[in-house]
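# Coordinate inspection notes
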Amino acid sequence: MENGKCNGGATAELPEIKFTKLFINGQFLDAASGKTFETIDPRNGEVIAKIAEGDKEDVDLAVNAARHAFDHGPWPRMTGFERARIINKYTDLIEQNIEELAALDAVDGGKLFQMGKMNDIPAAAGHFRYYAGAADKIHGETLRMTRPSLFGYTLKEPIGVVGHIIPWNFPSIMFAMKVAPALAAGCTMVVKPAEQTPLSALFYAHLSKEAGFPDGVINVVTGFGSTAGAAISSHMDIDKVSFTGSTDVGRKIMQASAASNLKKVSLELGGKSPLLIFDDAEVNKAAELALLGCFYNKGEICVASSRVFVQEGIYDKVVAKMLEKAKEWTVGDPFDSTSRQGPQVDKKQYEKILSYIEHGKNEGATLLTGGNAIGDKGYFIEPTIFADVTEDMKIYKEEIFGPVMSLMKFKTIEEGIKCANNTKYGLAAGIVSQNVDVINTVSRSIKAGVIWVNCYFAFDLDSPYGGYKMSGNCRESGMDALDSYLQVKSIAMPLHNSPWM
């Protein structure tokens, strides 16, 4: 980034947009209303394609297809081994189309193309491969009943029809994170991708047909949260909703569940994650983790370490190193391999981030670097670091979802813990220290669902991921995610004349 301009202005050719319609019961269809909406290239604000705008009528069709596939179709009645074969074939197809899927997410969401090829799409494929391996390992338990006259056991059964409402910041990974365990469990589903980034979800729908999923198992309805999303949340024939997004919308989904059929709701919501850097930290590593934690994916990540607390003994050195490294954080076209940060997802998010930057300036925080929009087209923003941030400021309290860091200092371990927990959120946290006693004390004291020590974004398929407090009520990844798409049935029967108790 130099003088408010984007480095590396290479403009890649748009990927061919092959799928723009709803995917219901194995077919691509226009919306019942005939309406479409525009999906926008955040590099320049231009229209990429017109996408079918699904609403309540289309959701009803998709739910009917999913319900028929669940109640009468083969998918939940297959053995886990048979389901795994189809899921693995699906994964093969995803891996064969990595470049095209990465290009769709780059042009639709401003995500780095190279990162998509190296990380996002392989990670999505990894989710499907992981849960394919789990599909034939779902089982209940034989119970040692307290009454000797009874024999009992449990079954784990698929929960039914699931509504997945997916965010725009990681379109491919979040599609896989939700769809893969639900498929392994034997569920059928309706997926609503974010209206900002619908393209890759429709491509995944196309691949599901090629893989051989029975019609109605995977349905994709593109549209807006206030219409299609609301219809999913309140639908009487959906058994569970899984949502990743803002806390405010999560609250509305819970209300819709309560007002309809009390469907189960899994929520992965907002965050204002702290990174605590202690005096014994290695300065260069600490600075790198702080920048990565806050600016990766343009700060559009719910676990971003947007509140960085540095112990006073090392504060000045860490700040100097961060500012030095921030100059090398290149903002540019997501198809340019030299870019480390692309444009924000859309104009609304771009303007929201800039308004938070203005709040930071007006409320008295010290702007150390960044703070400006870049260029005269597209939605590019400089990586921004504020110091002297206090707990009453908006940039301290509220999730910005952009490349804006609040930097503060602390004296003691106890003060650091208190600062970290001073938020309504509890999604993730980071600790940088070489002292195992400090690490153990702090990691057990922070009220968050994920703690990363001397690393950040250390996601793993086997590691459950989710939040405390207002950051949600579920766990994604690992066997915890699979269990969330299953329900336990207890069966008891009389036991006569058994030689064993």
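Turning to the overall build of the protein chain, a few remarks are in order. Counting its secondary structure elements, the protein chain contains 15 helices and 23 strands. Compactness check: the protein chain gives a C-alpha radius of gyration of 24 Å against a globular reference of 23 Å for 501 residues, within 12% of the reference. For the protein chain, the C-alpha atoms occupy an extent of roughly 75 × 60 × 40 Å along the three principal directions. Per-residue burial for the protein chain yields a buried fraction of 57% across its 501 residues. Accessible area for the protein chain stands at about 20,500 Å²; split by element, carbon and sulfur atoms hold 50% of it. The distance from the centre of the 52 positive side-chain charges to the centre of the 61 negative ones in the protein chain is 5 Å.

Let us look at helix 13 (residues 413-420). Three or more residues of helix 13 are buried, namely G416, I417, C419 and A420. Seen along its axis, helix 13 keeps its buried residues to an arc of 160 degrees; they face one direction. Turned more than 90 degrees from where helix 13 packs its buried face, E414 and K418 sit exposed. Those residues of helix 13 that are buried are in contact with strand 12 (274-277), strand 13 (307-311), helix 12 (394-397), strand 18 (404-410) and helix 14 (436-445).

Spatial strand order, 5-6-23: three strands in an open sheet with antiparallel pairing. Each of the sheet's edge strands pairs with one partner strand only, and the pair in question is strand 5 (142-143) and strand 23 (486-494). Relative to strand 6 (residues 150-158), strand 5 is paired through two bridges, and the arrangement is antiparallel. Of the residues in strand 6, the one forming a bridge with T142 is Y153.

We now examine the nonpolar core. Within the largest apolar cluster, 106 residues are counted, with the highest numbers of intra-cluster contacts made by F128, L183, F213 and I277. Top element by residues in this core is helix 5 (residues 171-185). It accounts for eleven residues. Every residue in contact with F128, bar those within four places of it in the chain, is listed here: I87, Y90, T91, I94, F175, A176, V179, A180 and L183.

What the rule picks out here adds up to 24 salt bridges. A salt bridge links E95 to R129; the shortest N-O distance between them is 2.9 Å. Of the two residues, E95 is situated in helix 2 (residues 80-96) and R129 in helix 4 (residues 113-134); the sequence distance between them amounts to 34 residues. Judged by its relative accessible area of 31%, R129 is partly exposed. K117 serves as the salt-bridge partner of E99, at 3.8 Å between the closest nitrogen and oxygen. Within this pair, whereas E99 is found in helix 3 (residues 98-109), its partner K117 is found in helix 4, the two being separated by 18 residues in sequence. Put simply, R67, D71, D237 and D239 are held in one network by salt bridges that share partners.

Rules behind the numbers
- Residues numbered from 1 in each chain as written.
- Predicted model: local features only at pLDDT ≥ 70, side-chain atom pairs only at ≥ 80, totals over all residues.
- Heavy atoms only, no water.
- Helix = DSSP H or I, 4+ residues; strand = E, 2+ residues; numbered from the N terminus.
- Rg over C-alpha atoms; globule rule 2.2 N^0.38 Å.
- Buried < 20%, exposed > 50% of the residue type's maximum accessible area, 1.4 Å probe, protein only.
- Areas by Shrake-Rupley, 256 points an atom, 1.4 Å probe, with all protein chains shown as cover.
- Lys, Arg positive; Asp, Glu negative; His and termini not counted.
- Charge placed at Lys NZ, Arg CZ, Asp CG, Glu CD.
- Arc of directions from axis to C-beta.
- Contact = heavy atoms within 4.5 Å.
- Pairing = 2+ DSSP bridges.
- Core = buried A, V, L, I, M, F, W, Y, C linked by side-chain atoms within 4.5 Å.
- Salt bridge = Lys/Arg side-chain N within 4 Å of Asp/Glu carboxyl O.

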